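# Descriptive structure summary
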Amino acid sequence: MQMRKQTTISTPISISGKGLHTGKHVTVTFKPAPIHHGIFFQRIDLPGKPIVKALGTNVFDTSRGTSIKENNAEVRTIEHLMAALAGMEIDNLMIEIDAGETPILDGSSRLYVEALQKAGRQEQDAEREYFTIKEPAT
């Protein structure tokens, strides 16, 4: 297997729109992050600006979208944004968000991808980490 380097973005970039379920205007700002950081959301609208890590163990609801929660902070409808990051192979990113739900935009990942492409993808000086699934998971 050819090893690849971890990546982030070159420069911060923001995108705004309405939340699908709340209808609230929301802005997400993508910011470069250091190696081994992972993907984190920061709820800048809440006291203390809590962090919610984009981890499978933080998923608490999948009924009308994918929602994550850590302590008392949650971020809803993250699936299109996360699909954009996976497709672009971005490993490390801080995502500031000023509401509890990401913007739905055009209903796909396209506008997230376009914004991230404008920000530029930056290779980092660390090997990407891979996980091997050895048995079925349900």
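## Digging into the overall build of the protein chain
Regarding its fold elements, the protein chain presents two helices and ten strands. When the helices and strands of the protein chain are placed in sequence order, the string is β-β-β-β-β-β-β-β-α-β-α-β. Whereas a compact globule of 138 residues would reach a radius of gyration of roughly 14 Å, the protein chain reaches 15 Å, a difference of no more than 12%. Counting only C-alpha atoms, the protein chain reaches 45 × 35 × 30 Å along its principal axes. With 138 residues in all, the protein chain has 41% of them scored as buried. Across the protein chain, every contact between residues at least 6 apart in sequence was considered, and the portion connecting residues at least 24 apart equals 68%. Of the accessible surface of the protein chain, which amounts to about 8000 Å², a share of 52% is contributed by carbon and sulfur atoms. One way to put it: in the protein chain the 16 positive side-chain charges average out to a point 4 Å from where the 17 negative ones average out.

## Describing the side chain of Thr 29
Structurally, Thr 29 is set in strand S3 (residues 25-32). For Thr 29, a relative accessible area of 15% puts it in the buried group. Only 2.6 Å separates the side chain of Thr 29 from the side chain of Ser 14, close enough to count as a polar contact. Among all residues touching Thr 29, those that are not within four sequence positions of it are Ile 13, Ser 14, Met 94, Ile 95 and Glu 96.

## With respect to unusual backbone geometry
Residues other than glycine predominantly adopt negative phi, and peptide bonds predominantly adopt the trans conformation. Of note, the phi angle at Thr 77 is positive, near 60°, even though the residue is not glycine. In this structure Thr 77 comes out as buried when scored by relative accessible area, which is 6%. Although it is not a glycine, Leu 105 adopts a positive phi angle of roughly 55°. Summarising the element assignment, Leu 105 is placed in the loop between strand S9 (93-97) and helix H2 (110-119). In this structure Leu 105 comes out as partly exposed when scored by relative accessible area, which is 23%.

## Here we look at the sheet that holds S9
What the five strands build is an open sheet, ordered S2-S3-S9-S4-S5; its pairing is mixed. What marks the edges here is a single partner per strand, and that holds for strand S2 (13-18) and strand S5 (51-53). Averaged over all adjacent pairs, the angle separating strand axes in this sheet is 25°, with direction ignored. Relative to S9, S3 runs antiparallel, the two being bridged by five bridges. What sits directly across from Val 28, in S9, is Ile 97. Against the sheet, helix H1 (residues 79-87) touches S3, strand S4 (39-43) and S9, its axis set at about 145° to S4.

## Concerning H1
Those residues of H1 not exposed but buried are Leu 81, Ala 84 and Leu 85. Seen along its axis, H1 keeps its buried residues to an arc of 95°; they face one direction. Opposite its buried face, H1 presents the exposed residues Ala 86 and Gly 87, each directed more than 90 degrees away. One or two steps after H1, the chain reaches Glu 89, where phi turns positive at roughly 55°.

About the cut-offs
- Residues numbered from 1 in each chain as written.
- Predicted model: local features only at pLDDT ≥ 70, side-chain atom pairs only at ≥ 80, totals over all residues.
- Heavy atoms only, no water.
- Helix = DSSP H or I, 4+ residues; strand = E, 2+ residues; numbered from the N terminus.
- Rg over C-alpha atoms; globule rule 2.2 N^0.38 Å.
- Buried < 20%, exposed > 50% of the residue type's maximum accessible area, 1.4 Å probe, protein only.
- Contact = heavy atoms within 4.5 Å.
- Areas by Shrake-Rupley, 256 points an atom, 1.4 Å probe, with all protein chains shown as cover.
- Lys, Arg positive; Asp, Glu negative; His and termini not counted.
- Charge placed at Lys NZ, Arg CZ, Asp CG, Glu CD.
- Polar contact = N/O pair within 3.5 Å; in protein donor to acceptor, adjacent residues only side chain to side chain.
- Pairing = 2+ DSSP bridges.
- Axes fitted to C-alpha atoms, helices over the stretch in contact; angles between N-to-C directions.
- Arc of directions from axis to C-beta.

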